[in-house]
Amino acid sequence: MREPWRLFDHLAPSYDRVLPYFSYFGRELVGFLDPLPGARLLDVGAGTGAAAHAALARGCLVTAVDAALGMVEVLAAELPEATVQLMNAESLSFQDGTFDLVTTGFVLHALDDPDAALSEAHRVLTPRGKIGVSLPAPAPAGSRWRRFDEIIAEFAPDDSHLGGGGPRIDVPALLRAAGFRDVTCREAVIRIPADSPETVWKWLMSQGFAGFYLSLDAGTAAELQRAVMAELEFLKEPDGIILERAAILHKASA
Ligand SMILES: C[S@@+](CC[C@H](N)C(=O)[O-])C[C@H]1O[C@@H](n2cnc3c(N)ncnc32)[C@H](O)[C@@H]1O
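First things first, this report covers the structure right here in the doc. (Residues numbered from 1 in each chain as written. Predicted model: local features only at pLDDT ≥ 70, side-chain atom pairs only at ≥ 80, totals over all residues. Heavy atoms only, no water.)

## Examining the pattern of salt bridges
As a reminder, the rule being used: Note on definitions: salt bridges are taken to be side-chain nitrogens of Lys or Arg within 4 Å of carboxyl oxygens of Asp or Glu. Numbered from the N terminus, helices here are DSSP runs of H or I no shorter than four residues, and strands are runs of E no shorter than two. Each residue's exposure class comes from its accessible area (1.4 Å probe, protein chains only) as a fraction of the maximum for that residue type: buried when under 20%, exposed when over 50%, partly exposed otherwise.
What the rule picks out here adds up to 13 salt bridges. In this structure, Arg144 and Glu237 form a salt bridge, with 3.7 Å as the shortest nitrogen-oxygen distance. A residue pair is termed long-range when its members are at least 10 positions apart, and Arg144 in the loop between strand S5 (125–137) and helix H6 (146–155) and Glu237 in the loop between helix H10 (218–235) and strand S7 (241–253) qualify at 93 residues. The class of Arg144 is partly exposed, set by a relative accessible area of 41%. With a relative accessible area of 37%, Glu237 lands in the partly exposed category. Between Arg245 and Asp149 there is a salt bridge, with the nearest N and O atoms lying 2.9 Å from each other. With Arg245 in strand S7 and Asp149 in helix H6, the pair connects residues that are 96 residues apart, well separated along the chain. Comparing Arg245 with Asp149, the two get one shared label, buried. If you follow the salt bridges from partner to partner, you end up with Asp96, Glu120 and Arg123 in one network.

Now the structure itself:
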């Protein structure tokens, strides 16, 4: 079995600490759902709590689950107000209709069985519940970062979420198949200042990209790093570099 969360056990200490990328999109996703204080929210594949933090700040009652023990340890230490559990998204141990909201940010593309995870999310929501799902997206049209995506795509042609041409998950179709309706989406874009190309590389290696990089043979990995660093030098401006990344946020009713 693939157990994609194993990588995140190792990444947990540095995850979202180099640049506040995931926390930004966590706030965007929770903002898109616009929860009322007191809403019971389940964050699935919570990582270090990007959406869970944002939901707590809005007064939600938060449960955060992840399959990586390293992530769960960080969550439990940093979110004492939340209920934190080690759990597989594809088989949740909650009763039907337990939550008003489910969030799952940057998780579906990492799962073996995203359909099972969405069916489980639907099952644990109340009939009037809502889900919020985010996934990484290519840099916005016209962005200088489009070339950066193309470079990574040259090394990962089969993985659309690393910029390549592989199959992109059709989240609206998966949501409908799992029983959700009224699916809406919007793009969210982050522009974060980073002091140097080295910081952006460190940021890449603090997240799922590291799994791809480490899967390459040494020669190809070195070539990828050289190509990425050269492009980051090109993107550098006099006072640093503005990392520009996009995500697609989806929401739907149970
Ligand atoms: C890219 S991270 C996203 C974390 C967080 N949602 C965020 O927005 O920062 C993907 C997360 O999914 C978790 N994960 C992967 N497979 C999982 C599974 N089958 N069940 C639960 N969590 C899983 C990983 O451990 C990791 O924390």
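## What to know about the packing of aromatic side chains
How we decide: Between 30 and 60 degrees the pair is tilted, below 30 it is stacked and above 60 it is edge-to-face, where a pair is any two Phe, Tyr or Trp rings, Trp via its six-membered ring, whose centres lie within 6.5 Å. Placement of a charge over a ring requires the Lys NZ or Arg CZ to be within 6 Å of the ring centre, with the centre-to-atom vector within 35 degrees of the ring normal.
The full count for this structure, using the stated rule, is 15 aromatic pairs. Centroid distance Tyr21 to Phe25: 5.1 Å. Interplanar angle 75°. Geometry classified as edge-to-face. You can see Tyr21 and its partner Phe25 sitting in helix H2 (residues 21–33), four residues apart, about one turn around the helix. The class for Phe25 is buried, based on a relative accessible area of 1%. When the centroid spacing of 5.7 Å and the interplanar angle of 85° are considered together, the rings of Trp201 and Phe209 count as edge-to-face. Look at Trp201 and you get buried, because its relative accessible area is 10%. Taken together, the ring pairs in this structure connect Phe8, Tyr15, Tyr21, Phe22, Tyr24, Phe25, Phe106 and Trp203 into an aromatic cluster. The ring of Phe32 has Arg186 sitting right over it, with the charged end atom 5.4 Å from the ring centre. We note Lys251 situated over the ring of Phe32; from NZ or CZ to the ring centre the distance is 4.4 Å.

## Concerning H10
For an α-helix, 3.6 residues make a turn, and residues three or four places apart therefore share a direction. Here is the rule we go by: Multiplying 1.5 Å by the residue count of a helix minus one yields the expected span of that helix. Every residue pair with non-hydrogen atoms within 4.5 Å of one another is taken to be in contact. Think of a polar contact as two N or O atoms within 3.5 Å of one another; within protein, one of them needs to be a possible hydrogen donor and the other a possible acceptor, and neighboring residues in sequence only count if both atoms come from side chains.
Under the 1.5 Å per step criterion, the end-to-end length of H10 is 26 Å for 18 residues, consistent within 8% with the ideal 26 Å. On its buried side, H10 packs onto H6, helix H8 (197–204), helix H9 (209–215) and S7. If you check the start of H10, you find a side-chain oxygen 3.1 Å away from the backbone N of Gly219, and it comes from Asp217.

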